[in-house]
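Residues per chain are reported as follows:
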Amino acid sequence: MKLQKPKGTQDILPQESAKWQYLEEFARKTFKKYHYAEIRTPIFEHYEVISRSVGDTTDIVTKEMYDFYDKGDRHITLRPEGTAPVVRSYVENKLFAPEVQKPVKLYYMGSMFRYERPQAGRLREFHQIGVECFGSENPATDAETIAMAAQFFKEIGIGQVTLQLNSLGNAASRAAYRQALIDYLTPLKDSLSKDSQRRLEENPLRVLDSKEKEDKAAVAQAPSILDFLDEESQEHFAAVRSMLESLDVPYVINTNMVRGLDYYNHTIFEFTTDVAGSELTICAGGRYDGLVDYFGGPETPAFGFGMGMERLLLILEKQGVALPLETGLDAYIAVLGEAANRSALELVQALRNQGYAVERDYLDRKLKAQFKSADAFRAKTIITLGESEIESGQVTVKNNATRQEVVVGLDQVQENYQAVLEELGC
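Residues numbered from 1 in each chain as written. Predicted model: local features only at pLDDT ≥ 70, side-chain atom pairs only at ≥ 80, totals over all residues. Heavy atoms only, no water.

- As recorded in an unreviewed UniProt entry, the protein goes by Histidine--tRNA ligase and comes from Streptococcus cristatus.
- Per its UniProt entry, the protein bears the Catalytic activity (unreviewed entry) comment "tRNA(His) + L-histidine + ATP = L-histidyl-tRNA(His) + AMP + diphosphate + H(+)".
- Under the UniProt heading Subcellular location (unreviewed entry), the note attached to the protein is "Cytoplasm". (UniProt positions renumbered as here; feature names shortened; annotations may be inferred.)

The structure is reproduced here in structure tokens:
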């Protein structure tokens, strides 16, 4: 049997992982501006954490979850999304306690798992970056969180982004709309896809979210949920729209957008962009004021979003955005002969202790081959070290861009390489 990675997974090799690291660090810096702190939850949860919160009738639970019974006969699932585990942790660790400053702003990064057909930007093991804000029902929280995502996309260089906005209203508004949608879709049931026929019985709002052609045609003239919002819901949505406008964050209203999870209420949104004629969602989220209470905590308003890292990297590539990756070395040590082996080890460690990224030759190669490695590693400088340099205590340091060289004491390199770099103009 040929050993290879499971279908729908990928090996992230060093040349690609540098992009992942940049993306993660960029997100951390953006979230820090908005006073978010990182949370890390287990990669697997009890099945009920996901099934009860996401919704028993969602595709995630009915078709896509990796769930199993462990050796203690506990029903376990690999996490398919990030919000439910964070809410579980918020409640379990009593982050709602009076002594905890509110709102509680958290972000996460990590692997998620769904069993679905692998395609570009969508794998069975995929990675999400997400944020969750607990404790504020202020519509300014909705607008601020959406603006944070918009700032992230703008500053990292993703263009042609559209913010799609909708409201699901409160529980009363949603219930009224649910019945109106059932009344509208029931006569059209036979024209719907099989999945949507099932959804009509279980969760009719999900029919609006279907990507099947026959379903899109059926819902084209469906009633708008915005016509069923009560006064409270209308006021909240109007405030969010007004605040986004004051922040110069453009949006379009999409009344067919409902999101695929059952816990949302009031504001929901997606950021989309066009890639090769296809509209791709790069970020999605919304308000979920009932989920903390559902997990056994106190009634707590909440708002958040998630974005897929594979999808982000795909879009950056398709849009030709070159990330400013710092992958070069500060110095490469060209080693001549066995007699210089120990001294080369001492030299690279001395430079690393000064904070520099350094590599050396370990393979006793010809000098020309070592210089090629220095070029491949994009080393700023090259230090040649052989038996004669050790005896004299003098080494040649070369600026690998300008080819300028200086001869300096070996002790100076080991103690103050910054002065050498300044002399070379590096």
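### What about the nonpolar core?
Move 1: In terms of nonpolar packing, the biggest core is built from 44 residues, with Phe-31, Phe-152, Phe-153, Phe-269, Phe-271, Phe-305 and Met-307 touching the most fellow members.
Move 2: Here this core gets nine residues from one element, more than from any other, and that element is helix H5 (residues 139–156).
Move 3: Not counting chain neighbours up to four residues away, the residues in contact with Phe-153 comprise Ile-158, Val-161, Phe-271, Ile-282, Cys-283, Met-307 and Leu-312.
Move 4: The next biggest cluster of nonpolar side chains, apart from the first, holds 39 residues, and it includes Leu-106, Leu-205, Leu-208 and Ile-268. (Core = buried A, V, L, I, M, F, W, Y, C linked by side-chain atoms within 4.5 Å. Buried < 20%, exposed > 50% of the residue type's maximum accessible area, 1.4 Å probe, protein only. Helix = DSSP H or I, 4+ residues; strand = E, 2+ residues; numbered from the N terminus. Contact = heavy atoms within 4.5 Å.)

### Regarding the pairing of strand S4 (residues 75–78)
Move 1: In the sheet, strand S2 (residues 44–46) pairs with S4 via three bridges, with the strands oriented antiparallel. Note on S4: the bridge partner recorded for Phe-44 is Leu-78.
Move 2: Of the strand pairs in this sheet, strand S3 (residues 67–69) and S4 are connected by three bridges, and their pairing is antiparallel. The residue bridging Phe-68 from the neighbouring strand is Ile-76, located in S4.
Move 3: Linking S3 to S4, which pair antiparallel, is a turn of five residues; within it Asp-73 sits at a positive phi near 60°. (Pairing = 2+ DSSP bridges.)

### Quick look at a negative patch on the surface
Move 1: A contiguous patch of negative charge on the surface is contributed by Glu-137, Glu-231, Glu-232 and Glu-235.
Move 2: Within the fold, Glu-231 resides in helix H9 (residues 231–246).
Move 3: When its relative accessible area of 58% is taken as the criterion, Glu-231 is described as exposed. (Patch = residues over 30% accessible without salt bridge, like charges linked within 9 Å, V, L, I, M, F, W, Y side chains within 5 Å. Areas by Shrake-Rupley, 256 points an atom, 1.4 Å probe, with all protein chains shown as cover. Salt bridge = Lys/Arg side-chain N within 4 Å of Asp/Glu carboxyl O. Lys, Arg positive; Asp, Glu negative; His and termini not counted. Charge placed at Lys NZ, Arg CZ, Asp CG, Glu CD.)

### Some words on the domain arrangement of the protein
Move 1: Segmenting the protein into domains produces domain 1 (14–170 + 231–319), domain 2 (177–229) and domain 3 (331–424).
Move 2: A C-alpha centroid distance of 24 Å is found between domain 1 and domain 2.
Move 3: With 19 residues of domain 1 at the interface, the matching set in domain 2 holds 14 residues.
Move 4: A buried area of about 1400 Å², summed over both sides, lies between domain 1 and domain 2, and 51% of it is on carbon and sulfur atoms.
Move 5: At the boundary of domain 1 and domain 2, one finds zero salt bridges. (Domains from an automatic or database assignment. Buried area = accessible area lost by both parts, 1.4 Å probe.)

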